[in-house]
Amino acid sequence: RGMDEGSGAVRTLWVGDLQYWMDETYIYTLFSATAKVESVKVIRNKNTQSPEGYGFVEFGNREEADRILRAFNGTLIPGSDNLTFRLNWAQFGVGKTNGEDHSLFVGDLTEEVTDLQLQEEFKQHYQSVISAKVITDQLTSRSRGFGFVRFGDEQERNMALHEMNGAIINGRTLKLVMLIIRSNNQGAPQFKIQHLQVKVITQLFWLGH
């Protein structure tokens, strides 16, 4: 699923910044009028079943997905209160032969660092940077002091691990660790930092600007 048969091309888009009331039916109606939508999945918390604020939309082929990405990303969502579409290519377990994602864990961030600033700090040195996410407390929305940077190229990710480790953002020294993301047999993501199994809140699926 999620790839054109034969070509292996990704045809699934990540959809972020979803409101709690935006369910699969609503999202389907947003895109089905202009493209063939195969499936829609809103990711929910396993315990509370509350939406996590992101999901995935699978289209009939990569061309349609690409057209939707270009036409909709950053534009206003019809019927919403000035909300905009936030789309990106799906990266987890889709179109990757080894099921890995090229990401870094970034620790010791100051509270003022935003998603955009974190992304730009890396993007200016590594062009394959796809996105960045600063993890926030779900109750207070304050930064938890760490985040993640996703790369499209494994070699650049490895370079950044060595070259940016110890770099300074807002007067504080960054601490970088390799983040390995693999899918289990059920397709759920498993996260490992070095050799330690860790629990990372599902906001990690984020990563798309």
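Each remark here, short or long, concerns the structure printed above.
Residues numbered from 1 in each chain as written. Predicted model: local features only at pLDDT ≥ 70, side-chain atom pairs only at ≥ 80, totals over all residues. Heavy atoms only, no water.

Caption draft 1: Focus on the sheet that holds strand β1 (residues 12-16). The antiparallel open sheet is built from 4 strands, whose spatial order is β2-β3-β1-β4. Where the open sheet ends on each side, the last strands, each with one partner, are β2 (37-44) and β4 (86-89). Each strand axis lies, on average, 25° off the axis of its neighbour in the sheet, ignoring direction. Sheet strands touched by helix α1 (residues 24-32): β2, β3 (51-59) and β4. Its angle to β2, the strand with the most contacts, is close to 145°. (Pairing = 2+ DSSP bridges. Helix = DSSP H or I, 4+ residues; strand = E, 2+ residues; numbered from the N terminus. Axes fitted to C-alpha atoms, helices over the stretch in contact; angles between N-to-C directions. Contact = heavy atoms within 4.5 Å.)

Caption draft 2: Region of the structure containing the packing of aromatic side chains. Tallied over the full model, the rule gives 11 aromatic pairs. Pairing W21 with Y26 gives two aromatic rings, centres 5.0 Å apart and planes at 70°, and the pair type is edge-to-face. Since its relative accessible area comes to 37%, W21 is described here as partly exposed. Among the aromatic side chains, those forming a connected cluster through ring pairs are F31, F59, F72 and F85. Between R62 and the ring centre of W89, over which it is positioned, the NZ or CZ distance is 4.1 Å. (Phe/Tyr/Trp six-rings, centres within 6.5 Å; stacked < 30°, edge-to-face > 60°. Buried < 20%, exposed > 50% of the residue type's maximum accessible area, 1.4 Å probe, protein only. Lys NZ or Arg CZ within 6 Å of the ring centre and 35° of its normal.)

Caption draft 3: Expanded view of empty space enclosed by the protein. Tallying each qualifying case throughout the model produces 1 cavity of 30 Å³ or more. Considering the residues around the largest cavity, the lining is formed by 13 residues, among which V15, L18, L30, I77 and F85 are closest to the centre. At the level of elements, β1 and α1 are the ones that each hand at least two residues to the lining of the largest cavity. In terms of residue count, α1 provides more of the lining of the largest cavity than any other element does, 4 residues in total. Partitioning the lining of the largest cavity into residue classes produces 9 nonpolar, 2 polar and 2 charged. (1 Å grid on protein atoms, 1.4 Å probe; cavity = no way out; pocket = protein on both sides within 12 Å on 5 of 7 lines; lining within 4 Å. Points joined across faces, edges and corners; volume = space filled by probe spheres on them. Nonpolar A, V, L, I, M, F, W, Y, C, P; charged D, E, K, R; others polar.)

Everything listed here is a matter of geometry and, on its own, says nothing about what the molecule does.
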